[in-house]
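# Working through the structure, step by step
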Number of protein chains: 2
Amino acid sequence: MAITHDKSKKSFTLLILLALTLQTMAQEKQKFLSAKESEPSNFGWMEGFPPPAAKVLHSGDGSFFKFPAIRYSVVHMREFLPTIRVSKGLKAPSVMTYELDGKIDELTFTPWNTTKKMTWEESLAQNYTDGMIILHKGKVIYERYFGALTETEVHAVMSLTKSLNGTLASILVAEGTLDETKLVPFYVPELKNSAYADATVRDVMDMTTALNYSEDYANPNADVWQFSNAGNPLPKPKDYKGPEGYYEYLETVKKQGVHGEIFGYKTVNADALGWIIARASGKSVNELLSERIWSKIGMEQDAYYQVDSKGIAFTGGGFNAGLRDLARFGELLRKQGNWNGEQLFPAKAVQDIARGGSVAAFEKSEHPGLKGWSYRNMWWITENKDGAYAARGVHGQTIYIDPFAEMVLVRLSSHPVAGNAANDATSLPAYQAVADYLINKK
Amino acid sequence: MAITHDKSKKSFTLLILLALTLQTMAQEKQKFLSAKESEPSNFGWMEGFPPPAAKVLHSGDGSFFKFPAIRYSVVHMREFLPTIRVSKGLKAPSVMTYELDGKIDELTFTPWNTTKKMTWEESLAQNYTDGMIILHKGKVIYERYFGALTETEVHAVMSLTKSLNGTLASILVAEGTLDETKLVPFYVPELKNSAYADATVRDVMDMTTALNYSEDYANPNADVWQFSNAGNPLPKPKDYKGPEGYYEYLETVKKQGVHGEIFGYKTVNADALGWIIARASGKSVNELLSERIWSKIGMEQDAYYQVDSKGIAFTGGGFNAGLRDLARFGELLRKQGNWNGEQLFPAKAVQDIARGGSVAAFEKSEHPGLKGWSYRNMWWITENKDGAYAARGVHGQTIYIDPFAEMVLVRLSSHPVAGNAANDATSLPAYQAVADYLINKK
């Protein structure tokens, strides 16, 4: 292509380019409705008797999970899919003490890669927050609900689910029921011809398995979609020849590389760990979670998992629970398994999470925003000065435990972008701002 | 056909007939496994990680509801189907006082059409009881669990669901929110071209609508199956041209006969009433039930409804709840809406149920076992000396309220035969035996 030397033409071209750039930037900004604009009540999803056709959402066609409908659906998963309960038991809820701190909303922080400060309160809408609770020394200092969430509803927690798995596995290891040094087929012989044949339980817990498996949600041919299809509890199309259920899919996963070297965040590992947990304990993950935790600390609401067509809980991402109950769970971890003086499981189960995993293995993975972090027992370890660690799920879910600040924070949300890279810049520094505030307040 | 006069041949023929008769009688007896033989734990339905193929049950192919699998599934409906919660709220459960009476198991009664006495305890297994609770003056005097049911599980209550509808409607009428004299299209204009066009709300509440609609479950071409197909939340086959959802089906129901004359027990009436309730109150039935009852009397467990593909609760038969919570609901009715001194709704809402409906209209229907009964506000009225009335669901579900005996009894069960005619003979006289015992105990 000939370069135009005509000056006026060149200026014009530059002007066009500038205009296009500005337009793209504007579109980028406007690509999604804001939190306020996308409030479920603005759309009336599933409202009416019956709801009008345009307001009906389905799981079968995926419409229930597209933005902005997802803002409704995160609080209504059981209405679209079969689910299995995690019983809280029949006891009264444990009392939460409130010492609400009005100053938190005004706290400011600098989002990553920017210079302009943002207030805590601004960050809530910025991240499409549905629920936010902060405990300090076990007391509720902050609690807010938005979107479709209320204190009597549960919310999908996506991959935060994995950390419940990791916690159960860590408990079983600490109690000697599960041997992390064993190869996976010791517990699950069905996986002897898969990538897991020569992976240790520890590799699975830390996601350092080497798998030929892509979890790029943006790629419609990624393996994660086949995994998702296998786990879909709806009847399969007649010509479907693939695996049925999450576990049958796991048997097909092939190895690529060497286990134990690189952190590779892949949901299949969480379901493999679920399978291992079930075999080691003799209980399904949903039963075990109820028995060991959900029925033990005065939860207010039953929780639940999505299930596949065999009734197997989707332990890679199908958990749903209430905001305050997730805070209770976080607090149980912060107290290293001690709940009001009763030690529910060995403290070392939590210590083994909090001490973190291999920073080197993590560095080799693609998490540019999370520099210096590690991953251990299906928890994300910040490796920061406070020893903070987090459970994380797409669209902005988190349990963030900061031991030094004696803080437990839970955020449930429905951010239009799945990947947390889209909200970390306005979340993680905000959490640290609260932590620092609490530390200084001491 | 020539009659054989040869005596020996005749005797032989008779012998063959006798043998065949005995064989048939034996088969009849053996047709179903006993309660003990059909215990879900004997079969291991859905047990294992994953369960073996032969133990996997599905809703799509109906396998989950065939006897003996139904004995498992009645306690696990949400694991097969999308459901919507009826929240109990976040309060602690109300305390139930126990004064267990060991003599009840030994009480005897004479089953209908027999002379041989049966003990109360024998009747439990006879009727494939999963749960039985009896309150006397509000105190628990008897409580047992069998099969798949435990005190921390909920159970499908089938058509007992209708009586919850009827109770809500009765409350709305008593409060003036719903006018029972209005024609159905006043509340639901969509039904103006259906059989409901000139039916009153009262006709619907008492099922005296005249519908061209068959509910013979034994007939695969019965209308009830089309209704069921319409309400199935799973994606429809590509060539499906019928109505989508319960409500769309209701618009297609045609009239046959004259409204108001004959009691005709048809599930569509209960869903029509659900629709009317929703329109009159501005709330879905599940919301309204939570708001008015489930969150008000210290329930122990959330309940739930199955839903159709539009999220509409199946108020004709899709409710699931815990045994003790159903007893609390029964006790609330026995106390005419008064719960620990607080009047939750006008007493006349219950009085209007208990006073019964038209015995003449009931007599014209086909319920030979229930002579002299009536049907009012979707409750079955015994019209007996005690003024007892009941909620009833197929496979043996009941809430049985005997005001004179100050007794509330709830049975949840999984009888192999759907129709309650199969268990009434060993149930209703058994309930009366307990009532009489309690009356005499006074």
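Criteria and cut-off values
- Residues numbered from 1 in each chain as written.
- Chains lettered and ligands numbered in written order.
- Predicted model: local features only at pLDDT ≥ 70, side-chain atom pairs only at ≥ 80, totals over all residues.
- Heavy atoms only, no water.
- Axes fitted to C-alpha atoms, helices over the stretch in contact; angles between N-to-C directions.
- Helix = DSSP H or I, 4+ residues; strand = E, 2+ residues; numbered from the N terminus.
- Left-handed = near helix turned anticlockwise from the far one by under 90°.
- Contact = heavy atoms within 4.5 Å.
- Least-squares fit on C-alpha atoms with pLDDT ≥ 70 in both.
- Buried < 20%, exposed > 50% of the residue type's maximum accessible area, 1.4 Å probe, protein only.
- Pairing = 2+ DSSP bridges.
- Arc of directions from axis to C-beta.

Going by what an unreviewed UniProt entry lists, chain A is known as Class C beta-lactamase-related serine hydrolase and is assigned to Flavobacterium hiemivividum.

## Observations regarding the packing of helix 5 (residues 160-175) of chain B against helix 10 (residues 267-281) of chain B
Two measures define how a pair of helices packs: the angle their axes make with one another and the distance between the axes. All names here are of chain B. The N-to-C vectors of helix 5 and helix 10 enclose an angle of 35 degrees; their axes lie 10 Å apart at closest approach. Considering how the two elements wind past one another, helix 5 and helix 10 form a crossing that is left-handed. Residues K162, N165, G166, L168, A169 and L172 of helix 5 touch helix 10, and the partners they reach there are T267, A270, L273, G274, I277 and S281.

## Concerning the relation of the copies chain B and chain A
You can overlay chain B on chain A at an RMSD of 0.0 Å; the transform is a turn of 180 degrees with a shift of 0.0 Å along its axis. A rotation of that kind, with that shift, is consistent with a two-fold axis. When the interface residues of chain B are mapped onto chain A, 100% of them are again interface residues, pointing to one common binding face.

## Considering the pairing of strand 7 (residues 303-306) of chain A
Residue and element names in this part refer to chain A. Residues A303 and Y305 point to one face of strand 7 and Y304 and Q306 to the other, with burial holding for every one of them. Two strands pair when backbone bridges link them, and strand 1 (residues 83-86) and strand 7 are joined in this way by four bridges, in the antiparallel orientation. In the strand pairing of strand 7, T83 is matched with Q306. Alignment of strand 7 against strand 8 (residues 319-321), held across two bridges, turns out to be antiparallel. Looking across to strand 8, one finds that Y305 is bridged to F319.

## Examining helix 13 (residues 347-354) of chain B
All names here are of chain B. Among all positions in helix 13, only A349, V350, D352 and I353 are buried. In a view along the axis of helix 13, the buried residues occupy a sector of 155 degrees, so they form one face of it. Residues of helix 13 that are buried sit in contact with helix 5, helix 7 (201-205), helix 12 (323-334), strand 13 (374-376), strand 14 (379-381) and strand 15 (389-393).

## Description of helix 7 (residues 223-231) of chain A
Within helix 7 of chain A, burial applies to A:D223, A:V224, A:F227, A:A230 and A:G231. Looking straight down helix 7 of chain A, one finds that the buried residues subtend no more than 120 degrees of arc, so they occupy a single side.

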